[in-house]
Amino acid sequence: MDKHLRLKLAIQKSGRLTDNSLDLLVRCGLKYSRGKDQLLCFGENMPLDVLLVRDDDIPDLVQEDVCDLGIVGQNVVEEKRLAFEARGISPLFDVVTTLDYGRCRLCIAVPDGQPYQGAASLAGKRIATTYPNILTRWLRDRGVEAQVVTLSGAVEIAPRLGRADLICDLVSTGNTLTANHLREAETVLESQAVVIRTPKPIAPEKRDWLHRLLARVDGVQQVKESKYIMLHAPREALPMIARLLPGSEHPTIVPLEGTDEKVAVHAVCRENVFWETLEALKAAGASAILVLPVEKMLP
Ligand code: ATP
Ligand code: ZN
């Protein structure tokens, strides 16, 4: 196949999003070989090349049409979007799907022992961050005039070095903050990994695979939580049981041989099914309850 007719997708080369992103692509059916330079995964059974890059470069690669798709944190997408807009450039990357990994939040954190009394108390303070555009917008929305100190890394040590009074940085567990004698004061942005794509028209030869890949990504996301439930239920308990099945739309009702009072109910539940749900189903009259994992789904 013509090299130009292969889809190009950028993912993080090595970092918090890398394993999950490669795993997602494998679940989408991709078989790949990794180039010697480790910069590219060549799709062997799909016309798809996966570029391995720094996460900060991913929106730019889509912007510049080097890649059709990217997987990156919302925090990076939002920062880049605001940066482009500030320069009067239209961002050319649309978020198409939210993924279930890379969860974190961009937080303002205060050194231990320093009081925090709401956004207004940030006036005149120096706040160190690698997300100057997001932070500036947050401060502007609250009418606070503070000094945004843009750093390229090691934000959490800025207060101890005397470079800033507080920080605005990514947090997931909060352990890094605690280790650096900081505590969370405000959440500026909640984030997780997303798929971005170019809004530009894509060559027809590539378009079909782009849609197939995105549909598979959605399918993978949906099955992760989904379960297939089978149970027996008295007919009169069906309305109650249907209400208890988490995130299922139209259960299938199947007659049972040799009885009119009971039926079999089969349903796909789009949410995780917990023991509590099974206990409630049993209390509502259900028996022979089976919960099966769903491997693939194509709505
Ligand atoms: P790169 O070398 O690619 O620039 P990086 O150091 O910027 O790597 P990572 O620390 O690997 O990036 O984080 C990548 C993304 O993972 C972040 O942009 C964010 O979306 C997400 N993430 C999830 N939890 C955290 C966390 N606790 N700290 C930082 N990022 C997190
Ligand atoms: Zn980065």
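Rules used in this analysis
- Residues numbered from 1 in each chain as written.
- Chains lettered and ligands numbered in written order.
- Predicted model: local features only at pLDDT ≥ 70, side-chain atom pairs only at ≥ 80, totals over all residues.
- Heavy atoms only, no water.
- Axes fitted to C-alpha atoms, helices over the stretch in contact; angles between N-to-C directions.
- Helix = DSSP H or I, 4+ residues; strand = E, 2+ residues; numbered from the N terminus.
- Parallel < 35°, antiparallel > 145°, perpendicular 65-115°, else oblique.
- Contact = heavy atoms within 4.5 Å.
- Nonpolar A, V, L, I, M, F, W, Y, C, P; charged D, E, K, R; others polar.
- Near = heavy atom within 4 Å.
- Polar contact = N/O pair within 3.5 Å; in protein donor to acceptor, adjacent residues only side chain to side chain.
- Areas by Shrake-Rupley, 256 points an atom, 1.4 Å probe, with all protein chains shown as cover.
- Domains from an automatic or database assignment.
- Buried area = accessible area lost by both parts, 1.4 Å probe.
- Phe/Tyr/Trp six-rings, centres within 6.5 Å; stacked < 30°, edge-to-face > 60°.
- Lys NZ or Arg CZ within 6 Å of the ring centre and 35° of its normal.
- Pairing = 2+ DSSP bridges.
- Core = buried A, V, L, I, M, F, W, Y, C linked by side-chain atoms within 4.5 Å.
- Buried < 20%, exposed > 50% of the residue type's maximum accessible area, 1.4 Å probe, protein only.
- Arc of directions from axis to C-beta.

Student: Got a sec to walk through the packing of helix α3 (residues 74-86) against helix α4 (residues 132-141)? Specific residues and values, please.
Tutor: One can describe the packing of α3 onto α4 by two numbers: an axis separation of 8 Å at closest approach and a directional angle of 75°. For the element pair α3 / α4, the angle class is roughly perpendicular. Contacts from Asn-75, Glu-78, Glu-79, Arg-81, Leu-82, Ala-83 and Ala-86 in α3 reach Pro-132, Asn-133, Ile-134 and Arg-137 in α4. Split into classes, the residues belonging to the contact of α3 with α4 amount to 5 nonpolar, 2 polar and 4 charged.

Student: Provide a residue-level description of the site of ligand 1, including the pertinent values.
Tutor: Neighbouring residues of ligand 1: 16 residues in total, closest Gln-12, Arg-16, Asp-56, Asn-75 and Ser-172. One nitrogen or oxygen atom from the side chain of Asp-55 is found 2.9 Å from an oxygen atom belonging to ligand 1. Here a nitrogen atom of ligand 1 sits 2.7 Å away from a polar atom, N or O, in the side chain of Ser-172. For ligand 1, the accessible surface in isolation is 630 Å², of which the surrounding protein chains cover 77%. Where the shell around ligand 1 is concerned, the elements lending two or more residues are α3 and β10 (166-171).

Student: Can you tell me about the domain arrangement of the protein chain, naming the residues and giving the values?
Tutor: Taken domain by domain, the protein chain comprises domain 1 (3-102 + 193-222), domain 2 (104-190) and domain 3 (227-293). For domain 1 versus domain 2, the distance between C-alpha centres works out to 30 Å. The interface of domain 1 with domain 2 comprises 10 residues on the first partner and 9 residues on the second. When the two sides are added together, the surface that domain 1 and domain 2 hide from each other amounts to roughly 800 Å², 53% of it contributed by carbon and sulfur. When the buried surface of domain 1 facing domain 2 is broken down by residue, Asn-75, Glu-79 and Leu-82 rank first, second and third, together holding 61% of it.

Student: Which residues make up the packing of aromatic side chains, and what values go with them?
Tutor: Counted by the stated rule, this structure contains 1 aromatic pair. Note that Arg-212 overlies the ring of Trp-209, its terminal NZ or CZ placed 4.0 Å from the centroid.

Student: If you had to explain the sheet that holds strand β11 (residues 182-191) to someone new, which residues and values would you point to?
Tutor: Across the sheet, 5 strands lie side by side as β9-β8-β10-β7-β11; this open sheet has mixed pairing. This sheet does not close on itself; its edge strands, each paired only once, are β9 (147-150) and β11. Averaged over all pairs of adjacent strands, the angle between strand axes in this sheet comes to 30°, irrespective of strand direction. Direction of pairing for strand β8 (residues 126-129) relative to β9: parallel, over a ladder of 4 bridges. Following the sheet pairing, Ala-128 is matched in β9 by Val-149. In this fold α4 packs onto β7 (104-111), β8, β9, β10 and β11, with an angle of close to 100° to the strand it touches most, β11.

Student: Help me get a handle on the sheet that holds strand β16 (residues 287-293), residues and values and all.
Tutor: Whether parallel or antiparallel, the strands of a sheet pair through hydrogen bonds between backbone atoms. With antiparallel pairing, 4 strands are arranged side by side in an open sheet as β14-β15-β13-β16. Of all the strands in the sheet, just β14 (252-256) and β16 have a single pairing partner and so form its edges. Between one strand and the next, the sheet's axes are offset by a mean angle of 20°, whatever the strand orientation. Bridge analysis of strand β13 (residues 227-234) against β16 gives 5 bridges, and the strand direction is antiparallel. Considered in β16, the bridge of Met-230 is made with Leu-290.

Student: Account for the nonpolar core, naming residues and giving values.
Tutor: Of all hydrophobic cores here, the largest spans 32 residues; its most connected members are Leu-122, Trp-138 and Ile-196. At the level of elements, β4 (48-53), α2 (58-63), α3, β7, α4, β10, β11 and β12 (193-197) are the ones that each hand at least two residues to this core. Both domains that meet at this core, namely domain 1 (3-102 + 193-222) and domain 2 (104-190), each give it at least three residues. In this structure Ile-196 touches Ile-58, Pro-59, Val-62, Asp-68, Leu-69, Gly-70, Val-72, Val-77, Phe-93, Asp-94 and Val-95, once residues within four positions along its chain are discounted. Ile-71, Leu-99, Ala-193 and Leu-214 belong to the second-largest nonpolar core, a separate cluster that totals 27 residues.

Student: Break down helix α8 (residues 275-283) for me, with residues and values.
Tutor: Listing the buried residues of α8 in full gives Thr-277, Leu-278 and Leu-281. Projection of α8 onto a plane perpendicular to its axis shows the buried side chains occupying an angular sector of 100°, all on one side. In α8, the exposed positions angled more than 90 degrees off the buried face are occupied by Trp-275, Glu-276, Glu-279, Lys-282 and Ala-283. Close packing links the buried residues of α8 with β13, α7 (238-244) and β16.

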